[in-house]
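Here's the letter readout for the chains.
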2 protein chains.
Amino acid sequence: MKNVTIAFLGGGNIGGCVYRLLEDMKQEIAARCGLGITVKKVLVKDRESFIPNGIPEELLVFDRQEIMADPDISLVCEFMGGEHPAADFMLEALKAGKTVVTANKVALALHWSELQAAAQAQGVGLYYEASVCGAIPIIATLNGSLQANRIDRLMGIINGTTNYILSRMYKNGEDYDLVLRDAQALGLAEPNPAFDVEGMDAAYKLSILASLAFHGRVTYEKVYREGITGVTAMDIACGKEMGYVLKLLAIAKRDGNRVEVRVHPTFLPEHHPLAQVDGSFNAVYLYGHSCEDMMLQGFGAGTPTASAVVSDVLNACTAPAHAFPAFANTAEADASLHFTGNWETRYFIRVSAKDAPGVLAKVADCFARENVSIATMLQKGAVDEGRVMLIFVTHATHERAMQAALSRLDPEIARLESMIRVEE
Amino acid sequence: MKNVTIAFLGGGNIGGCVYRLLEDMKQEIAARCGLGITVKKVLVKDRESFIPNGIPEELLVFDRQEIMADPDISLVCEFMGGEHPAADFMLEALKAGKTVVTANKVALALHWSELQAAAQAQGVGLYYEASVCGAIPIIATLNGSLQANRIDRLMGIINGTTNYILSRMYKNGEDYDLVLRDAQALGLAEPNPAFDVEGMDAAYKLSILASLAFHGRVTYEKVYREGITGVTAMDIACGKEMGYVLKLLAIAKRDGNRVEVRVHPTFLPEHHPLAQVDGSFNAVYLYGHSCEDMMLQGFGAGTPTASAVVSDVLNACTAPAHAFPAFANTAEADASLHFTGNWETRYFIRVSAKDAPGVLAKVADCFARENVSIATMLQKGAVDEGRVMLIFVTHATHERAMQAALSRLDPEIARLESMIRVEE
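Residues numbered from 1 in each chain as written. Chains lettered and ligands numbered in written order. Predicted model: local features only at pLDDT ≥ 70, side-chain atom pairs only at ≥ 80, totals over all residues. Heavy atoms only, no water.

**Quick look at the side chain of Glu399 of chain B**
Thought 1: Position of Glu399 of chain B among the secondary structure elements: in helix H14 (residues 399–407).
Thought 2: Contact partners of Glu399 of chain B, with chain neighbours within four places excluded, come to Gly341, Asn342, Trp343, Tyr347, Met419 and Arg421 of chain B. (Helix = DSSP H or I, 4+ residues; strand = E, 2+ residues; numbered from the N terminus. Contact = heavy atoms within 4.5 Å.)

In structure tokens form, the structure reads like this:
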């Protein structure tokens, strides 16, 4: 039996789940892994803001030095969230020779290279399965099980809040604002929901996943990002009529060294495996040249995150040596990857147009001049006085050509209501 | 750069895929893993039966001693399939101090404990991700990423041949025999299909998965097995009408120490994630007490199997030490697990009954006497002269009660046409 003494940075919801899971699994952990794990200290801001969650109050400490300077503590779990001070504390722990297990996508995405360098310099580990998609073993899969692949494409539903909102809007035809308020009331969205609904959360996660998938550093700044705040019940209804489901997708594609990474609302054909992933589920769909199509689906928040944290702790404590991905994990984006914003995809375009002869021809001409080819078109009755709604779905088109075509529209004649990318 | 010399036992289809993938990935393997992998020898029966597949003919050997006695060769990949002589050759290789990577579920399921004991005694590795569900990282996930779970339930579509057949029968209403012949013509089913369609393939895989999920040895003999040869277009059509999709499921459930492991045709509600897994796809759905619901989906045969083999080779060559699951991996089933055949599930029962007053009451009475409670019932018009078709779906019922109720049916009055278990 090997005894390992650990500490938590953060004693909130996830910290409580992890503590209770470690207690709950004590016997199995001893039997399966030959480990006795003791949580010795839990860093919180102050006693007043600590909400009882199973962590004994006598473990609470308020000064991180009590953990950093404690030679008994060989592993630290970080659940503080956000960039600072979490990244600084993790760095300090690593430099103090402690292995770090983190559920923090922001601090990892922004400070990965220095955290990894510190871990490698000290011969300790850095584990972060819980930072992306909770219990879904996507980090282990990219690092280990799919080594024999060139991954060309990865698309994920990696934010539960937005997927809950979009699933309800799709199912019930409800408006964004209403569903958001409900999600907030249910605790599925934050009082300030921007981090989720603006796509930041998904973009941080995508920068981690794309780096591992492409074996080169994809920084957060390289991720194109568009949230769901502009999505309307009308767009979802029109898409549904045409057989599409709207999801906030995180997309990473690679063609040789040409790489695109983007997070935005996306229409998927209703039979696509990702289109079926509803509510708070997360899923990652990918295509590797030898594994071909693969999808991993599960829960990305709450207790499932604790599943990933505790599994990481057990892996860290039993690993004969700590492994690190072998790509050049620099602070800057990998110079060998050529990032492009001019990706090729299909587009759903909705315009409200003057109900007059020749208008359709004028709109079609804007597309034609930029070589944007239309795959399907739908005209709906009057939206308001004297205007009709036109919906186009294009064939595969470059983003720049699409934007150029849209800029040709004369808003007096045809006003752009929405432009939503379509994947397959 | 670490150079590793390896050999193949078997040079057929999978061997060819693995050889070509190793060649194709040479540069990436050097860059990502710091490895140079050389295939030195490939054991085949004789030169005449070798079908060119990219493996250079000069690598072929016909006597296994050329591999076993070669001190250069530190790792052996086994693609022979079947129990003997594959298991014997693997054992020999392990005893000769060579790590073994295998795609062979049969030899592994039947000889796991002695293979693992030999590997541990020699300090070499035994890797078998490719033995179950091809590229899907289910072995790594159960062994590593889900350590912090008690897995209560695992249900899988783990045989591509039967899933192809059942998907087509569901989609097109075609008969079993016709679809089987097509599958054979397409190379998706063997000329002698028994191993797949009788459920043996799925049962071997389930014995491996259930052992890992339950941390105790679940031997092949413990798996209840029923194939798809008795499945009719009529059953599938009736199920479809009631909102069910038919799949050959491999099911492992655990409640405390009470364990059930079974492979049989199963109706699933059409919205169940596994119900959407069509064609040659494999998928494993599981529930762990901390990860909650999770599903892994991908391809289980062909090149995707090579993805798992080569990833295992790379993991084996870079691992600082080889890991083994920590359960008592004995030749016998784990004595602490109580295996039951009297599981509880729902049942779809189809009978053809005499079209006469009082018949429904008599059938219902057979169920009532065994406390089998009916959830839904459907009567269809005359099937043949003077007989009607009655379909019942029960509430959750014990297998023995269901069997007892069915044995009460008087075949003169109501003949049992089919009994298909229903999961949720």
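**Re the relation of the copies chain B and chain A**
Mapping between the two chain copies consists of a rotation about an axis together with a translation along that axis.
Thought 1: Taken as rigid bodies, chain B and chain A are interconverted by a rotation of 180° and an axial shift of 0.0 Å, the fit giving an RMSD of 0.0 Å. Such a combination of rotation and displacement between the chain copies is what one expects of a two-fold axis. Ranked by how close their C-alpha atoms come to the rotation axis, the residues of chain B are headed by Leu296 of chain B, at 2.3 Å.
Thought 2: By residue overlap, the copies meet face to face through one surface: 100% of the interface positions of chain B are interface positions in chain A. (Least-squares fit on C-alpha atoms with pLDDT ≥ 70 in both.)

**A word on the nonpolar core**
Thought 1: Counting 179 residues, the largest nonpolar core has Ile138 and Ile165 of chain A together with Ile138 and Ile165 of chain B as its most contacted members.
Thought 2: Among residues more than four places away in sequence, those in contact with Ile165 of chain A are Tyr176, Val179, Leu180, Ala183, Val197 and Ile228 of chain A. (Core = buried A, V, L, I, M, F, W, Y, C linked by side-chain atoms within 4.5 Å. Buried < 20%, exposed > 50% of the residue type's maximum accessible area, 1.4 Å probe, protein only.)

**Section: the interface of chain B and chain A**
Thought 1: Counting residues at the interface gives 45 residues for chain B and 45 residues for chain A.
Thought 2: Both faces considered, chain B and chain A share a buried interface measuring about 3,700 Å² in area, 53% of it formed by carbon and sulfur atoms.
Thought 3: When the buried area of chain B at its contact with chain A is split by residue, Arg32, Gln147 and Arg150 of chain B rank highest and sum to 17% of it.
Thought 4: Linking chain B with chain A are 4 salt bridges, by the criterion used here.
Thought 5: Arg150 of chain B serves as the salt-bridge partner of Asp24 of chain A, at 2.9 Å between the closest nitrogen and oxygen.
Thought 6: In this assembly, chain B and chain A are joined by 24 residue pairs in polar contact (both at pLDDT 80 or more).
Thought 7: Counting only elements with at least two residues in the side of chain B that touches chain A, the list comes to helix H1 (13–24), helix H2 (26–33), helix H6 (138–145), strand S11 (281–288), strand S12 (292–299) and helix H12 (303–318) of chain B.
Thought 8: Per-element tally for the side of chain B that touches chain A: the top contributor is S12 of chain B, with 8 residues.
Thought 9: For the side of chain B that touches chain A, the class distribution of residues is 23 nonpolar, 15 polar and 7 charged. (Buried area = accessible area lost by both parts, 1.4 Å probe. Salt bridge = Lys/Arg side-chain N within 4 Å of Asp/Glu carboxyl O. Polar contact = N/O pair within 3.5 Å; in protein donor to acceptor, adjacent residues only side chain to side chain. Nonpolar A, V, L, I, M, F, W, Y, C, P; charged D, E, K, R; others polar.)

**A few points about the packing of helix H7 (residues 160–172) of chain A against helix H11 (residues 233–241) of chain A**
Residue and element names in this part refer to chain A.
Thought 1: The contact between H7 and H11 brings their axes to 9 Å, and the two run at 65°. When the axes of H7 and H11 are compared, the crossing they make is right-handed. Contacts from Leu166, Met169, Tyr170 and Lys171 of H7 reach H11 at Ala233, Ile236 and Lys240.
Thought 2: Taken together, the residues that form the contact of H7 with H11 break down as 5 nonpolar, no polar and 2 charged. (Axes fitted to C-alpha atoms, helices over the stretch in contact; angles between N-to-C directions. Left-handed = near helix turned anticlockwise from the far one by under 90°.)

**Quick word on the sheet that holds strand S4 (residues 73–78) of chain A**
All names here are of chain A.
Thought 1: Read across the open sheet, the 6 strands follow the order S3-S2-S1-S4-S5-S6; overall the sheet is parallel. If you trace the sheet from one side to the other, it starts and ends with strand S3 (60–61) and strand S6 (126–127), each paired once.
Thought 2: Where strand S1 (residues 2–9) meets S4, 5 bridges bridge the pair, whose relative direction is parallel. In the strand pairing of S4, Thr5 is matched with Ile73.
Thought 3: Of the strands in this sheet, S1 and strand S2 (35–43) are in contact with helix H1 (residues 13–24), which crosses S1 at around 165°. (Pairing = 2+ DSSP bridges.)

**Some thoughts on the packing of aromatic side chains**
Thought 1: In the structure shown here, the tally under the stated rule is 20 aromatic pairs over all chains.
Thought 2: Consider the rings of Trp112 of chain B and Tyr128 of chain B, whose centres lie 5.5 Å apart with planes at 70°: the pair is edge-to-face. Residue Trp112 of chain B is located in helix H5 (residues 105–122), and its partner Tyr128 of chain B is located in the loop between strand S6 (126–127) and H6; the two are separated by 16 residues in the primary sequence. As far as the burial class goes, Trp112 of chain B and Tyr128 of chain B line up, both buried.
Thought 3: The side chain of Lys240 of chain A reaches across the aromatic face of Tyr170 of chain A, ending 4.4 Å from its centre. (Phe/Tyr/Trp six-rings, centres within 6.5 Å; stacked < 30°, edge-to-face > 60°. Lys NZ or Arg CZ within 6 Å of the ring centre and 35° of its normal.)

**Describing the pattern of salt bridges**
Residues and elements named next belong to chain A.
Thought 1: Under the definition given, this model contains 50 salt bridges over all chains.
Thought 2: Among the ionic pairs, Glu92 bridges to Arg64, the shortest N-O distance being 2.6 Å. Taken together, the residues Glu92 in helix H4 (residues 86–95) and Arg64 in the loop between S3 and helix H3 (65–68) connect sequence positions 28 residues apart.
Thought 3: The partly exposed category is assigned to Arg64, whose relative accessible area is 28%.
Thought 4: Through salt bridges with shared partners, one network takes in Lys253, Arg258, Glu260, Arg262 and Glu423.

**Brief notes about a nonpolar patch on the surface**
Residue and element names in this part refer to chain A.
Thought 1: Among the surface-exposed residues, Leu360, Ile374 and Met377 lie close enough to one another that they form a single nonpolar patch of about 210 Å² accessible area.
Thought 2: With respect to the secondary-structure elements, Ile374 resides in strand S15 (residues 374–384).
Thought 3: A relative accessible area of 31% means that Ile374 is categorised as partly exposed. (Patch = residues over 30% accessible without salt bridge, like charges linked within 9 Å, V, L, I, M, F, W, Y side chains within 5 Å. Areas by Shrake-Rupley, 256 points an atom, 1.4 Å probe, with all protein chains shown as cover.)

**Side note on the sheet that holds S6 of chain B**
All names here are of chain B.
Thought 1: Strand order in the open sheet formed by 6 strands is S3-S2-S1-S4-S5-S6, with parallel pairing between adjacent strands. The open sheet has two edge strands, strand S3 (60–61) and S6, and neither has a second partner.
Thought 2: Sitting on the sheet, helix H4 (residues 86–95) is in contact with strand S1 (2–9), strand S2 (35–43), strand S4 (73–78) and strand S5 (99–102), with an inclination near 150° to S5.

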